[in-house]
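Below, each chain spelled out in residue letters.
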Amino acid sequence: MSTATFKIWRGNSQNGEFRDYTTETAEGMVVLDAVIQIQATQARDLACRWNCKAGKCGSCSAEVNGMPKLMCMTRLSELPLEKPVTVEPMKAFPVIKDLVTDVSWNFRVKKKIKPFKPRPPDAPDGTWRMQQEDIDRVQEFRKCIECFLCQDVCHVLRDHQMYEKFIGPRFLIHVAALEMHPLDTQDRIEELRNTQGIGYCNITKCCTKVCPESIQITDNGIIPLKERVVDEFYDPLGWFWKGLKRLLNR
Amino acid sequence: MNGATALPRRSFGETMRADIWWLQPLFVFLGLSTFIVYSTWAAFQGKNYFLGNYVSPFYSPELFGDSPHSWFGPRPGWWPYWLIFSPALFVLWAPAGFRVTCYYYRGAYYKAFWADPPACTVGEPRKSYWGERSFPLIMQNVHRYFLYLALFFLIVLSIDVWKALWFRDGFGIGVGTIVLAINVVLLGGYTFGCHSLRHLVGGFLDQFSRSPPCYRAYACVSCFNRRHMLWAWLSLFWVGFADLYVRLCAMGIWRDFRLV
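Residues numbered from 1 in each chain as written. Chains lettered and ligands numbered in written order. Predicted model: local features only at pLDDT ≥ 70, side-chain atom pairs only at ≥ 80, totals over all residues. Heavy atoms only, no water.

## Examining the overall build of chain B
Filter applied, for reference: Labels follow the DSSP assignment, with helices taken as runs of H or I lasting at least four residues and strands as runs of E lasting at least two, numbered in each case from the N terminus. In summary, the charge assignment counts Lys and Arg as positive and Asp and Glu as negative, without counting His or the chain termini. A charged residue contributes its charge at one atom only: NZ of Lys, CZ of Arg, CG of Asp or CD of Glu.
When helices and strands are counted, chain B shows nine helices and four strands. Projected onto its principal axes, the C-alpha coordinates of chain B cover approximately 80 × 50 × 40 Å. Taken together, the 22 basic and 12 acidic charged side chains of chain B have centroids lying 5 Å from each other.

## Some words on the domain arrangement of chain A
Residue and element names in this part refer to chain A. So the rule is basically this: Residue ranges labeled as domains rest on an automatic or database domain assignment. As used here, buried area is the combined drop in accessible area, with a 1.4 Å probe, of two parts when they are placed together. Within this document, salt bridges are pairs made up of a side-chain nitrogen of Lys or Arg and a carboxyl oxygen of Asp or Glu, the two lying within 4 Å of each other. For the purposes of these results, a polar contact is taken to be a pair of N or O atoms within 3.5 Å, where, inside protein, one atom must be able to donate a hydrogen and its partner to accept one; residues adjacent in sequence count only when each atom of the pair is a side-chain atom.
The domain architecture assigned to chain A consists of domain 1 (2-101) and domain 2 (104-249). The straight-line distance from the C-alpha centre of domain 1 to that of domain 2 is 32 Å. Summing both partners gives a buried area of about 1200 Å² for domain 1 against domain 2, and 61% of it is carried by carbon and sulfur. Three residues stand out in domain 1 for area buried against domain 2, namely Pro 68, Ala 92 and Phe 93, and they jointly supply 44% of the buried area on that side. Remark: the boundary between domain 1 and domain 2 carries two salt bridges. Note that Lys 56 and Glu 213 form a salt bridge whose closest N and O atoms lie 2.7 Å from each other. Counting the contacts that link domain 1 with domain 2 gives six residue pairs in polar contact (both at pLDDT 80 or more). Elements represented by at least two residues in the side of domain 1 that touches domain 2 include exactly strand E3 (61-64) and strand E4 (67-70).

## Considering the state of the cysteines
Selection rule: By convention in this document, the label disulfide applies to cysteine sulfur atom pairs within 2.5 Å.
Under the criterion given, the structure shown has one disulfide over all chains. Here Cys206(A) is linked by a disulfide to Cys120(B), with a sulfur-sulfur distance of 2.1 Å. Across the disulfide from Cys206(A) to Cys120(B), rotation about the S-S bond amounts to roughly -90 degrees, and the bridge is consequently left-handed. Here Cys120(B) lies in the loop between helix H4 (103-112) and helix H5 (143-163) and Cys206(A) lies in helix H8 (residues 206-210), a pairing that spans two chains.

## Some words on a nonpolar patch on the surface
Let me state the cut-off plainly: In this analysis, a patch consists of residues with relative accessible area above 30% that form no salt bridge, clustered at 9 Å for like charges and at 5 Å for the nonpolar side chains Val, Leu, Ile, Met, Phe, Trp and Tyr. The Shrake-Rupley method, run with a 1.4 Å probe, gives the accessible areas here. Residue values count only the displayed protein chains as cover.
Taken together, the side chains of Ile20(B), Trp22(B), Leu23(B), Leu26(B), Phe27(B), Phe29(B), Leu30(B), Ile36(B), Phe113(B) and Trp114(B) make up a nonpolar region of the molecular surface, amounting to roughly 990 Å² of accessible area. By the secondary structure assignment, Leu23(B) is in helix H1 (residues 23-45).

## Quick word on the pattern of salt bridges
Residues and elements named next belong to chain A. The criterion, for reference: The buried label goes to any residue with under 20% of its type's maximum accessible area, the exposed label to any with over 50%, and the partly exposed label to all in between, with areas taken from a 1.4 Å probe on protein chains only.
Tallied over the entire structure, the rule returns 26 salt bridges over all chains. The partner of Glu 17 in a salt bridge is Arg 19, and the shortest N-O contact between them spans 3.1 Å. With a relative accessible area of 41%, Glu 17 lands in the partly exposed category. For Arg 19, a relative accessible area of 38% translates into the label partly exposed.

## Regarding the side chain of Ser196(B)
Here is the rule we go by: By the convention used here, residues are in contact when the closest approach between their heavy atoms is within 4.5 Å.
Along the chain, Ser196(B) falls in helix H7 (residues 195-203). According to the relative accessible area criterion, Ser196(B) is buried, its value standing at 0%. Only 2.9 Å separates the side chain of Ser196(B) from the side chain of Glu227(A), close enough to count as a polar contact. The residues touching Ser196(B), leaving out its near neighbours within four places in the chain, are Glu227(A), Tyr103(B), His143(B), Arg144(B) and Leu147(B).

## Side note on helix H8 (residues 212-225) of chain B
Stated formally: Expected helix span is given by 1.5 Å per residue-to-residue step, counting one fewer step than there are residues. The reported arc concerns the directions from the helix axis to the C-beta atoms and nothing else.
With 14 residues, H8(B) should reach 20 Å at 1.5 Å per residue; the first-to-last C-alpha distance of 19 Å fits that figure. Turning to H8(B), its buried residues number three or more, namely Tyr218(B), Val221(B), Ser222(B) and Asn225(B). The buried residues of H8(B) occupy an angular sector of 105 degrees when the element is viewed end-on, so they sit on one face. Opposite the buried face of H8(B), at more than 90 degrees from it, the exposed residues are Pro213(B) and Arg216(B). For H8(B), the secondary structure elements touched by its buried residues are helix H3 (132-141) and helix H9 (217-233) of chain A together with H7 and helix H9 (228-250) of chain B.

## Re the interface of chain A and chain B
Across the contact, 60 residues belong to chain A and 50 residues belong to chain B. Approximately 4800 Å² of surface area, both sides summed, lies buried where chain A meets chain B, with 51% of it carried by carbon and sulfur atoms. Looking only at chain A, the three residues that lose the most surface to chain B are Asp159(A), His160(A) and Glu227(A), adding up to 13% of its buried area. At the boundary of chain A with chain B, the tally comes to five salt bridges. Residue Lys226(A) is joined to Glu132(B) by a salt bridge in which the shortest nitrogen-to-oxygen separation is 2.8 Å. In this assembly, chain A and chain B are joined by 29 residue pairs in polar contact (both at pLDDT 80 or more).

## What about the environment of Leu23(B)?
Given a relative accessible area of 32%, Leu23(B) falls into the partly exposed group. Along the chain, Leu23(B) and Ala119(B) lie 96 residues apart, while their C-alpha atoms are 9.6 Å from each other.

Rendered as structure tokens:
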């Protein structure tokens with residue numbers, strides 16, 4: 001059986017350091033397996049959050065060799081094991097202990113977004129009718145497992161710490177899911193521009209790269225929202241066209 | 001962030017990434033720089049941009065100029081005598097604006113030229129950040145206007161390909177014809193995959209089922225959009241090569257072969 005060395009960040013919000021742990025590895029192991037093995041055999045006090053081990057709960061988010069990843073979905077066979085594998089907590093959020101971060105800011109942001117407000121029901125029994133082509137687009141966004149890796153990798157949050165001005169890719173996708181929903185009647189465009197800071201996104205596509213659900217965050221979510229903001233605030237020809245259409249429809 | 005401890009800011013280039021993260025931004029930097037240098041040089045030449053029925057895409061539509069392809073005759077009298085004259089200067093700003101404001105290129109050159117960030121999870125050189133919310137980058141929102149111009153240019157370049165099929169002795173196909181035709185195909189793939197076009201043809205709708213033509217157009221643009229980066233690079237390379245081909249043929253360095 002072969003072995004691999006893991007440099008795991010140990011500490012709290014005040015200070016910390018990398019510590020080396022060498023552990024046995026086997027075929028099919030993921031980083032989370034190794035971390036749990038280290039926790040069981042060498043570092044009983046190592047804090048690590050995990051739940052499903054199937055890439056669906058979004059709990060085991062961390063940075064493996066400098067890139068945000070779900071530990072349970074990162075196979076050791078994908079990593080260069082001849083060098084130590086670094087495992088750190090997400091850097092965009094405050095550390096609680098070791099690999100566990102406080103992601104509660106995300107939930108506070110979510111509460112501020114205008115909720116789903118459907119049009120009146122289509123049928124007398126209080127139900128609605130939707131076509132598949134209308135819902136395909138938002139179904140992609142509903143795959144989000146809220147692992148917050150996209151928030152972690154976004155340089156606006158990670159490097160510039162604009163938590164008060166920018167809601168981050170996760171919540172832009174959430175707004176997209178609501179805004180493009182065929183039943184929804186709310187208008188969130190003004191908030192997107194003014195308080196949610198969509199203009200801070202400079203389309204580096206890092207969020208798309210790290211998404212474990214392969215959601216095309218930038219191309220299918222953020223850019224279409226930016227275009228809706230352009231419709232509303234930066235397109236005089238579009239305003240003229242819409243005005244003309246309204247006039248002709250009278 | 002409530003209750004958060006301020007994280008230490010990483011220095012420029014600092015990262016825990018173990019891969020060669022700088023390779024992609026370096027290629028983007030070199031690729032775009034090469035194109036900018038060459039296209040600027042070519043635009044200011046003002047000569048060797050046509051050969052018979054071929055005209056360089058950098059100079060088309062030729063609004064004013066000395067070639068038979070000119071729309072409105074030679075250099076206008078109002079053009080200042082002290083200013084370099086080149087037919088490309090009247091038109092090249094439009095496709096350049098389309099690419100500069102393109103969503104793909106924005107992400108690419110923010111990384112490669114401005115290190116904002118240099119690559120994902122790599123430390124940045126500056127503390128301040130304005131994004132695309134204030135001047136000058138708020139001007140990126142004009143992208144759809146450049147799209148309208150790009151669609152017009154696509155029609156003009158298609159007409160150039162048609163003209164490139166007609167030689168002095170009648171119909172024919174030369175290597176130059178194929179070079180110009182490939183240019184239109186690649187520019188078409190790039191333009192028809194534009195994110196703004198995707199929005200304008202149907203993406204603005206919440207209920208596609210109410211407008212099947214818009215839905216079909218949206219699906220079609222989405223198909224091109226999935227490979228937008230690839231189309232962007234192929235079309236960039238080829239439009240430069242098409243100019244070089246016409247230029248070298250016009251200078252007599254290369255000879256255009258008639259295939260048909």
